[in-house]
Every structure is written in C-alpha cells, then in structure tokens.
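Close look at the chain arrangement
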Amino acid sequence: MQPSEFVRLIYPRAVAVVTSINSEGIANAAPYSWVCPVSFTPPMLLVGIQNRETRTVRNIRETKEFVVHVVTRDWEQTAIECEKKARDNEDKLAKIGLEKIKSEKVNVPSIKKSKIVMECRLSEILVPKNADHMLVIGEIVAAKTSEPKLEEIVMHLLGEKFVSPGEEYSIERKR
Ligand SMILES: Cc1cc2nc3c(=O)[nH]c(=O)nc-3n(C[C@H](O)[C@H](O)[C@H](O)COP(=O)(O)O)c2cc1C
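Residues numbered from 1 in each chain as written. Predicted model: local features only at pLDDT ≥ 70, side-chain atom pairs only at ≥ 80, totals over all residues. Heavy atoms only, no water.

**Some words on the layout of surface pockets**
Considered as a void within the structure, the largest pocket measures approximately 870 Å³ in volume. If you go around the largest pocket, you meet 37 residues; those closest to its centre are Pro31, Tyr32, Ser33, Glu83 and His156. Sorting the residues of the lining of the largest pocket by element identifies strand E3 (27-32), strand E5 (44-50), helix H1 (55-63), helix H2 (76-81), strand E11 (155-158) and strand E12 (161-163) as the ones contributing at least two each. In terms of residue count, the dominant contributor to the lining of the largest pocket is E3 (four residues). The class makeup of the residues in the lining of the largest pocket is 13 nonpolar, 11 polar and 13 charged. Together, 13 residues line the second largest pocket, and Phe6, Val7, Ile10, Arg13 and Trp34 are the ones closest to its centre. Of the residues assigned to the lining of the second largest pocket, the class counts are eight nonpolar, three polar and two charged. (1 Å grid on protein atoms, 1.4 Å probe; cavity = no way out; pocket = protein on both sides within 12 Å on 5 of 7 lines; lining within 4 Å. Points joined across faces, edges and corners; volume = space filled by probe spheres on them. Helix = DSSP H or I, 4+ residues; strand = E, 2+ residues; numbered from the N terminus. Nonpolar A, V, L, I, M, F, W, Y, C, P; charged D, E, K, R; others polar.)

Structure follows, in structure tokens:
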C-alpha cells in the first residue's frame, strides 16, 4: 500500500465535534477524528486540522477557546452534518438544530446533547514543516461526562464508515 494511505491504519478514531465562536460570538461546529491527548499535567489535547482556513481555526485564532464533544450514537447524524459549510455570519449549530448551553469556564457554548464535553483554552497552534494539517493544542479547563456506555461512542474508520467499540477487557501490564 502507499504510505500516503496510512490514516486508515490508525483506526478506529473517536469522532468529536469542536465548537468555537468568532469575535462577534457567532458559533460554529465541525466534526474531527484526529483528536489526541497531549499532556496529563496540565491536561491538554490536540486536534489535527487541515491547513486551509477552516472556520474552526479562524475562530480559535480569534477567541483562543474551543469545546470538544465526543460523539455518541444518539446524535451521530447531526454531529456529522456539522461538516457542512455555513456562512461566516451563520450560527452552524442553530442551522443544524443542535441546542447550545453555556459552558462552565469558556465563552464558547457547549452542545446540550453531548455526554462528554471538554472545554479548552488555546495553548498553541503548531504547523509541522511540510504538513497539510496543523496541530491545534488546547488546555482542558473544564470537563464533564455522564459516563456513556462504550458501545455508544461513535468511531470513524474512513469515508462514510463508522464503528462502535465492542467489548471491554483487560491485558496485564508487567511493569
Ligand atoms: C467523521 C469526520 C471526521 C473528520 N475529521 C477531520 C479531522 O480530523 N481533521 C480535519 O481537518 N477535518 C476533519 N473532518 C472534516 C471537517 O469536519 C470539515 O473540513 C469541516 O467542513 C470544517 O468545518 P469548518 O470550516 O466549519 O470549521 C472530518 C469530517 C468528518 C465527517
């Protein structure tokens, strides 16, 4: 296989919807599956976002905050619809019909339906040399979960293929 196809070798990946606002407070949302922990202390994560000017990155640059929502089966269709483009002055959450609620620590609204929410303040945006994605790194300043069951989590394979995780089991770690 071509090394350029490697992304399908790192699978499945949890799907998360990232909300953000511009300086006028207009909200946006978009799904991402390149989401990865970066640090325990302080708690940090990264979102890999393509190097073109997405609304998400423009908003995060402007207001330095974002909220990451892990997607569960009960709102998967609307979550994926957030991929749609919306006009800069259009509230994508309202357009798609996802209800917002006030976040605890950041000005960016959270998605009411989401069972796993991580509020982030921008740490930095790294652009690896020659890469076509940038690493948007955020410090998690508030987090909440209603502990959804494992099989409720939506994970991306590739294109329109998704899976839900199956059985939980243990592997002994001899450290
Ligand atoms: C399941 C799924 C996963 C995606 N993962 C990523 C990703 O990890 N990185 C990325 O740059 N785009 C990803 N996309 C595409 C973005 O959602 C898309 O570029 C979106 O239009 C950006 O919206 P915005 O301009 O409103 O920020 C994904 C789309 C879907 C449906």
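**Quick notes on the pattern of salt bridges**
A full pass over the atoms with the stated rule returns 13 salt bridges. The salt bridge involving glutamate 65 is made with arginine 121; its shortest N-O contact spans 3.7 Å. Placement of glutamate 65 in strand E6 (residues 65-70) and of arginine 121 in strand E9 (residues 116-126) is noted, with a sequence separation of 56 residues between them. The exposure class of arginine 121 is partly exposed, given its relative accessible area of 36%. Residues arginine 87 and glutamate 90 are paired through a salt bridge, measuring 3.9 Å at the closest nitrogen-oxygen approach. Exposure remark for glutamate 90: the relative accessible area of 17% places this residue in the buried category. (Salt bridge = Lys/Arg side-chain N within 4 Å of Asp/Glu carboxyl O. Buried < 20%, exposed > 50% of the residue type's maximum accessible area, 1.4 Å probe, protein only.)

**Concerning the side chain of asparagine 28**
One can find asparagine 28 in strand E3. A distance of 3.3 Å separates a polar atom in the side chain of asparagine 28 from a polar atom in the side chain of arginine 55. Not counting residues within four places of it along the chain, the set of residues in contact with asparagine 28 comprises Val18, Thr19, Ser20, Arg55, Thr56, Asn59, Lys92 and Leu93. (Polar contact = N/O pair within 3.5 Å; in protein donor to acceptor, adjacent residues only side chain to side chain. Contact = heavy atoms within 4.5 Å.)

**Topic: the site of the ligand**
Contacts to the ligand come from 20 residues, most closely from Pro31, Thr56, Glu83, Lys85 and Lys92. At 3.0 Å, a backbone N or O of serine 33 approaches a nitrogen atom of the ligand. At 3.1 Å, a side-chain N or O of arginine 52 approaches an oxygen atom of the ligand. Relative to its free-state accessible area of 640 Å², the ligand is covered by the protein chains to the extent of 91%. According to the grid-proximity analysis, the pocket containing the ligand is the largest pocket. When residues of the shell around the ligand are traced back to their parent elements, those giving at least two are E3, E5 and H1. Ranked by residues supplied to the shell around the ligand, first place goes to E3 with four residues. (Near = heavy atom within 4 Å. Areas by Shrake-Rupley, 256 points an atom, 1.4 Å probe, with all protein chains shown as cover. Sits in = over half its atoms within 2 Å of the grid points.)

**Focus: the sheet that holds strand E1 (residues 13-14)**
Think of a sheet as strands paired side by side through backbone hydrogen bonds, with each pair either parallel or antiparallel. Strand order in the open sheet formed by three strands is E1-E11-E12, and the pairing between neighbours is antiparallel. The open sheet has two free edges, formed respectively by E1 and E12, since each of these has just one partner strand. As paired strands, E1 and E11 are joined by two bridges and run antiparallel to one another. Bridge pairing links arginine 13 to histidine 156 in E11. (Pairing = 2+ DSSP bridges.)

Interpretation note: all reported values are geometric properties and have no functional meaning in isolation.
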